[in-house]
Amino acid sequence: MRILHTSDWHLGRSFHRVNLLDAQAAFLDHLVATVRERDVEAVLVAGDVYDRAVPPLAAVELFDRALHQLAAAGVPTVMISGNHDSARRLGVGAGLIDRAGIHLRTDPAGCTTPVVLRDAHGDVAFYGLPYLEPALVREEFKVTKVGHEAVIGAAMERVRADLAGRPEGTRSVVLAHAFVAGGEPSDSERDITIGGVASVPAGVFDGVDYVALGHLHGSQTITTRVRYSGSPLAYSFSEADHRKTTWLIDLGPGGEIEAERLDCPVPRRVARIRGRLEELVEDPSLERHEDSWIEATLTDPVRPTEPMARLCARFPHTISLVFDPERAPEDPLASYAQRLKGRDDRQIAADFVAHVRGGSGPDERERTVLYEAFDAVRVDDMTREVAR
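Cut-offs used in this document
- Residues numbered from 1 in each chain as written.
- Predicted model: local features only at pLDDT ≥ 70, side-chain atom pairs only at ≥ 80, totals over all residues.
- Heavy atoms only, no water.
- Helix = DSSP H or I, 4+ residues; strand = E, 2+ residues; numbered from the N terminus.
- Buried < 20%, exposed > 50% of the residue type's maximum accessible area, 1.4 Å probe, protein only.
- Contact = heavy atoms within 4.5 Å.
- Areas by Shrake-Rupley, 256 points an atom, 1.4 Å probe, with all protein chains shown as cover.
- Arc of directions from axis to C-beta.
- Polar contact = N/O pair within 3.5 Å; in protein donor to acceptor, adjacent residues only side chain to side chain.
- Salt bridge = Lys/Arg side-chain N within 4 Å of Asp/Glu carboxyl O.
- Pairing = 2+ DSSP bridges.
- Right-handed = clockwise from strand over helix to strand, strands pointing away.
- Axes fitted to C-alpha atoms, helices over the stretch in contact; angles between N-to-C directions.
- Left-handed = near helix turned anticlockwise from the far one by under 90°.
- Nonpolar A, V, L, I, M, F, W, Y, C, P; charged D, E, K, R; others polar.
- Phe/Tyr/Trp six-rings, centres within 6.5 Å; stacked < 30°, edge-to-face > 60°.
- Lys NZ or Arg CZ within 6 Å of the ring centre and 35° of its normal.

## So, the overall build of the protein
Now for step 1: Tallying secondary structure elements over the protein gives eleven helices and 17 strands in all.
Now for step 2: In the protein, which comprises 388 residues, the share counted as buried stands at 50%.
Now for step 3: Contacts in the protein between residues far apart in sequence, at least 24 positions, make up 70% of those at least 6 positions apart.
Now for step 4: For the protein, the exposed surface amounts to about 18,500 Å²; the carbon and sulfur share of it is 50%.

Spelled out as structure tokens, the structure:
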């Protein structure tokens, strides 16, 4: 069976101040054309269809158009909700849409009800695991430990139990939206860390033939059978070096996997440049970036006059300007920036405790309280957003 794996469309998202709706529409047209040209038999969308729980009308209309195009192509589509989606909103009308061959899986309780498709070699069961927020689904999965590994592990136990009761030779595919160990994140994914632990081991998905992952925006192979498609467009400058693709997966009669990366349309290249202003506007080696979306980091010790205007004269699509002045190692501002670099909110809070105590950081009990406070705020924000 030939499968096209995609994820993280983030319909309605902008790139800094640039509206990406036309680029997203071009990608969806490309997706439907690929389905027809490459004889795809199933399309998988592994979450984050929208960029936020209540998307703008234009994004909803684009999604509606994509559904009609996929249904008209006559190729079954399985999609799950991600951490950016409102599962309840995305799932409205799922039963009716199901009749058109568009199978929405947004309810955690339905993870053991697969979409079963047939090819010349028998059945393929597609299990959709929508984004599982541990604090919200722990009762559904009857887990005592709150964490992504616990709830995804419990969901996969149900999947394997259902699969064991199906005819011998049934092949299996799981869609999931999670941060799996070994994956490389970028700046544009929303934090889903619980208790300071972000990732789950790939082994939690053992027992199925292919796992179509969403959440991380770079196309990645965790194992032969566990892959991220990545987002179809760059949504942050940290993705400047990404090759944006979908996965074309051929699932053999015995569960064998053959995978091919298919390039997505690129509306405009993304580039990061760094240096003193005079160097950037004069350096001939930067000519290749003159038509790119640019993030420029200026290292001038003193902020130059009208830097954005001067940059845009050469790089008209400069949309992000960062100042990172060159400083001597003994400069207190340099050491402070270095201490903060690469540290998350929990680590910064722990450092603050150590600072006000004169060097003694939080003990284990206090660290647990800090982590629980951050997790509670994040879950509350998510619950409020979904309830809007």
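Having seen the structure, we can now continue with the description.
## A closer look at the environment of Phe352
Now for step 1: With respect to the secondary-structure elements, Phe352 resides in helix α10 (residues 345-356).
Now for step 2: Linking Phe352 and Pro362, residues ten residues apart in sequence, is a C-alpha distance of 9.5 Å.

## Digging into helix α8 (residues 307-314)
Now for step 1: Within α8, the full set of buried residues consists of Pro307, Leu311 and Arg314. Within α8, the buried residues cover an arc of 60° as seen down the axis, which keeps them to one side.

## Some words on unusual backbone geometry
Now for step 1: The residue Asp39 is not glycine, and still its phi comes out positive at about 55°.
Now for step 2: Within the secondary structure, Asp39 sits in the loop between α1 (21-37) and β4 (42-46).
Now for step 3: With a phi angle near 55°, Lys142 is a residue other than glycine that sits in the positive phi range.

## Overview of the side chain of Thr318
Now for step 1: Structurally, the position occupied by Thr318 is in strand β17 (residues 318-323).
Now for step 2: What makes Thr318 buried here is its relative accessible area of 0%.
Now for step 3: Polar side-chain contacts of Thr318 include one of 2.8 Å to the backbone oxygen of Phe315.
Now for step 4: Apart from the residues within four sequence positions on either side, Thr318 is in contact with Arg17, Ile294, Met308, Leu311 and Cys312.

## Quick word on the pattern of salt bridges
Now for step 1: Within this structure, the stated rule accounts for 16 salt bridges.
Now for step 2: One salt bridge connects Arg38 with Glu260, and the closest N-O pair in it is separated by 2.9 Å. Of this pair, Arg38 sits in the loop between α1 and β4 while Glu260 sits in strand β14 (residues 257-263); the two residues are 222 residues apart in sequence, bridging distant segments of the chain.
Now for step 3: Assessed through its relative accessible area of 27%, Arg38 is described here as partly exposed.
Now for step 4: Residue Glu326 pairs with Arg276 through a salt bridge whose shortest N-O separation is 2.6 Å. Here the residue Glu326 occupies a position in the loop between β17 and α9 (332-340), and Arg276 occupies one in the loop between β15 (270-275) and α7 (277-282), the gap between them amounting to 50 residues.
Now for step 5: With a relative accessible area of 42%, Glu326 lands in the partly exposed category.

## Overview of the pairing of β15
Now for step 1: Here β15 runs beside strand β16 (residues 293-298); their pairing, made up of six bridges, is parallel. Pairing of Val270 across the sheet is with Trp293, part of β16.
Now for step 2: Note on the crossover from β15 through α7 to β16: the handedness is right-handed.

## Re the packing of helix α5 (residues 134-141) against helix α6 (residues 148-164)
Now for step 1: At a closest axis distance of 10 Å, the pairing of α5 and α6 adopts a crossing angle of 35°. When you trace α5 past α6, the crossing you get is left-handed. Only His148, Val151, Ala154, Ala155 and Arg158 of α6 make contact with α5, whose side of the interface consists of Pro134, Val137, Glu140 and Phe141.
Now for step 2: Looking at side-chain class alone, the contact of α5 with α6 contains six nonpolar, one polar and two charged residues.

## Brief notes about the sheet that holds β17
Now for step 1: Taken in spatial order, the three strands make up an open sheet running β15-β16-β17, and their pairing is parallel. A strand with exactly one partner marks an edge of an open sheet, and here the two such strands are β15 and β17. Taking the axes of each pair of neighbouring strands and ignoring which way they run, one obtains an average angle of 15° across the sheet.
Now for step 2: Looking at chain direction, β16 and β17 are connected through five bridges and run parallel.

## Here we look at the packing of aromatic side chains
Now for step 1: Enumeration according to the criterion identifies four aromatic pairs in this entry.
Now for step 2: Judged by centre distance (5.4 Å) and plane angle (40°), the ring pair of Phe15 and Trp293 falls under tilted. With a gap of 278 residues between them, Phe15 in strand β2 (residues 14-15) and Trp293 in strand β16 connect regions that are remote in the sequence. Comparing Phe15 with Trp293, the two get one shared label, buried.
Now for step 3: Aromatic side chains Tyr50 and Phe63 sit 5.4 Å apart centroid to centroid with 65° between the ring planes, which places their arrangement in the edge-to-face category. Of this pair, Tyr50 sits in the loop between β4 and α2 (57-73) while Phe63 sits in helix α2, placing them 13 residues apart in sequence.
Now for step 4: Residue classification places Tyr50 among the buried positions, given a relative accessible area of 8%.
Now for step 5: Here the aromatic residues Phe15, Phe237 and Trp293 are joined through ring pairs into a cluster of three or more.
Now for step 6: Above the plane of the ring of Trp247 lies Arg227, whose end atom (NZ or CZ) is 4.5 Å from the centre.
Now for step 7: It is Arg303 that lies over the ring of Phe323; its NZ or CZ is 3.7 Å from the centre.

Worth remembering: the numbers are spatial, not functional.
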